[in-house]
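Coordinate inspection notes
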Amino acid sequence: MSDQTMAAGFASAFLDYAVAEGAPRRSLLEAARLTDEDLADQDTRIPVSSYQALIAAGIEATADTSLLLRHVLETRLETMSIVGQIVHASTSFPHSLGQLNRYARLMADVPVPGGRDRFTLERDGEAVWLVDHRPCDGSWMATETSFARFISEFRRSAPEHPFEQALEVTYAPPPHANRYPELFRVPVTFRAGRNALRIDPVWLDATFDGGKEYVFGIFTRHADALLDEIATCDTFRSAVEERMLADLHEGTLSMDRIARDLGMSRQTLYRRLKDEGVTFAQVHDDLRHRMAMDYLSARKVSVGETAYLLGFSEASAFVRAFRRWTGASPTAWLGN
C-alpha cells in the first residue's frame, strides 16, 4: 500500500550507520522528509516511502549500493524493534520464526498474498529452506536484507554453528553482487524461482540458551499493545487502496470489480467510503499521487515508467496530474 508504515527504529539505525560511512545527516533527513524528532522513539510509525528515500539518499551519498546490506549484517535487531527482543527470548528457531511472523507488522507493513505467513520452513529431501513469501517484484534490496538479518543474528549468537548454507533469489545480480561471497559466504543462485535461504537442519531442534519465559511474556504483552494501536489506525479506505494497487497500472479502475473483490455491492462500497469522507475517485487519485512520490523518491524508475505504473495512457497526462498534486512538474520536483 502506498501509505504503508514501519517502525522508526530501522530508519534511525540506518541513518546513524550511513552518517558513520560519510553521508551528511541533514541531507539524508531532508531527502526522507523526516526530522530527528520523528526518529526519537523506535516504535513511532513512519512512512515506508520515507525509509526508502533515506536509503536511496544514503546510497547516493556513499556511492555504495551494498550500504543497507552491510548495515543489516553489522547491526542487531533488538536495538531497533521490540521484535528483536522477542525472537531472542524465544525457546528455539521455529518458535522465534513464529513470533517473527506474528509481530512482523511491528517492523513494517509488508502485504503477503493469501494472508499467509511471511516466512515458512520447507523441506526438500535432506535440505531445509527458509522461504520468504513477500511478493517478487524483481528488486533486490528488500529480499537480500531480509535474509541478511537472519544470518547476522545467528552469526553473533552462535558463530561456531553457521546458520546459512545456500541462497536462492528471484532477482538478477545487483550492482554489488561481487561482494556477495564476502558478505553472504554461501553459494547464491540468481533469477531463481523463489526467494529462499537453505539453513543447517540442526537449528530445527536446537534450543536457545536460557529460560526466558518471564521476559518473553513482558515483551509480547508490549508488542500486542503496539499491534492494537496499529489496528485502530486501519480504515476501510486502506482495504480499498490495497485492492486497487493490484490493478493500478490499468488506468481506469472498475468500482464494481473492486466491490466484488471485497465481497460487497457497489452501493455498500460507496457508502463505506462516504462514511470516511471520501469518494472512490478521490481514493484512486490520492493513491496515484502517493505512489508517484514513492516511485520518484526512490529514483529507480523514470518519469515515463512511473506514468505507466500508475495507469496513465500518456506521460503528458501524468505530468499534468503531477502539477495538480504538487504545483511542479516531475522533473522540477526531482531537481529540488
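See above for the structure.
Heads up: these notes are all about the structure in this document. Bear in mind the structure is a predicted one, so any value in this text is a computation, not a measurement. (Residues numbered from 1 in each chain as written. Predicted model: local features only at pLDDT ≥ 70, side-chain atom pairs only at ≥ 80, totals over all residues. Heavy atoms only, no water.)

Here we look at the overall build of the chain
Secondary structure assignment for the chain yields 17 helices and 7 strands. A compact globule built from 336 residues would reach a C-alpha radius of gyration of about 20 Å, and the chain, at 21 Å, matches this within 12%. Along the first, second and third principal axes, the C-alpha set of the chain runs to 60 × 45 × 45 Å. The long-range share in the chain, meaning contacts at least 24 apart out of those at least 6 apart in sequence, stands at 67%. Counting every atom, the chain has about 16,500 Å² of accessible surface; 50% of that belongs to carbon and sulfur. (Helix = DSSP H or I, 4+ residues; strand = E, 2+ residues; numbered from the N terminus. Rg over C-alpha atoms; globule rule 2.2 N^0.38 Å. Contact = heavy atoms within 4.5 Å. Areas by Shrake-Rupley, 256 points an atom, 1.4 Å probe, with all protein chains shown as cover.)

Some words on the environment of Trp129
Its location among the elements puts Trp129 in strand 4 (residues 127-132). Judged by its relative accessible area of 8%, Trp129 is buried. Separated by 151 residues in the primary sequence, Trp129 and Phe280 have C-alpha atoms spaced 42 Å apart. The contact partners of Trp129, leaving out residues within four places of it in the chain, are Thr120, Leu121, Glu122, Asp124, Ala166, Glu168, Arg194, Ala196, Leu197 and Arg198. (Buried < 20%, exposed > 50% of the residue type's maximum accessible area, 1.4 Å probe, protein only.)

Quick word on the sheet that holds strand 4
In space, the 5 strands of this open sheet follow the order 3-4-7-5-6, with mixed pairing throughout. Looking at strand neighbours, the two that pair on one side only are strand 3 (119-124) and strand 6 (188-189), the edges of this open sheet. Relative to strand 7 (residues 196-199), strand 4 is paired through 4 bridges, and the arrangement is antiparallel. Note on strand 7: the bridge partner recorded for Trp129 is Arg198. Contacting strand 3, strand 4 and strand 7, helix 6 (residues 93-102) runs over the sheet at an angle of about 140° to strand 3. Across the sheet, helix 8 (residues 141-157) is in contact with strand 3, strand 4, strand 5 (164-168) and strand 7; its angle to strand 4 comes to roughly 125°. (Pairing = 2+ DSSP bridges. Axes fitted to C-alpha atoms, helices over the stretch in contact; angles between N-to-C directions.)

Re the packing of helix 11 (residues 236-245) against helix 13 (residues 266-275)
At a closest axis distance of 9 Å, the pairing of helix 11 and helix 13 adopts a crossing angle of 125°. In terms of orientation, helix 11 and helix 13 fall into the oblique class. Residues Phe236, Arg237 and Val240 of helix 11 form the contact with helix 13, whose participating residues are Leu269, Arg272 and Leu273. Split by residue class, the contact of helix 11 with helix 13 holds 4 nonpolar, no polar and 2 charged. (Parallel < 35°, antiparallel > 145°, perpendicular 65-115°, else oblique. Nonpolar A, V, L, I, M, F, W, Y, C, P; charged D, E, K, R; others polar.)

As for the side chain of Asn195
Within the secondary structure layout, Asn195 lies in the loop between strand 6 and strand 7. On the accessibility criterion, Asn195 (2% relative accessible area) is buried. At 2.8 Å, the side chain of Asn195 and the backbone nitrogen of Thr170 are in polar contact. Residues in contact with Asn195, not counting those within four places in the same chain, are Leu130, Val131, Asp132, Cys136, Thr143, Phe147, Glu168, Val169 and Thr170. (Polar contact = N/O pair within 3.5 Å; in protein donor to acceptor, adjacent residues only side chain to side chain.)

Structural notes on the pattern of salt bridges
Close approach of charged atoms allows side chains of opposite charge to pair. The final tally for this structure, using the stated rule, is 22 salt bridges. Among the ionic pairs, Asp36 bridges to Arg25, the shortest N-O distance being 3.0 Å. Placement of the pair is Asp36 in the loop between helix 2 (25-32) and strand 2 (45-47) and Arg25 in helix 2, with a sequence separation of 11 residues. Here Asp36 falls in the partly exposed class, since its relative accessible area comes to 39%. On the accessibility criterion, Arg25 (33% relative accessible area) is partly exposed. What emerges from the salt-bridge pattern is a single network uniting Arg237, Glu241, Asp286 and Arg290. (Salt bridge = Lys/Arg side-chain N within 4 Å of Asp/Glu carboxyl O.)

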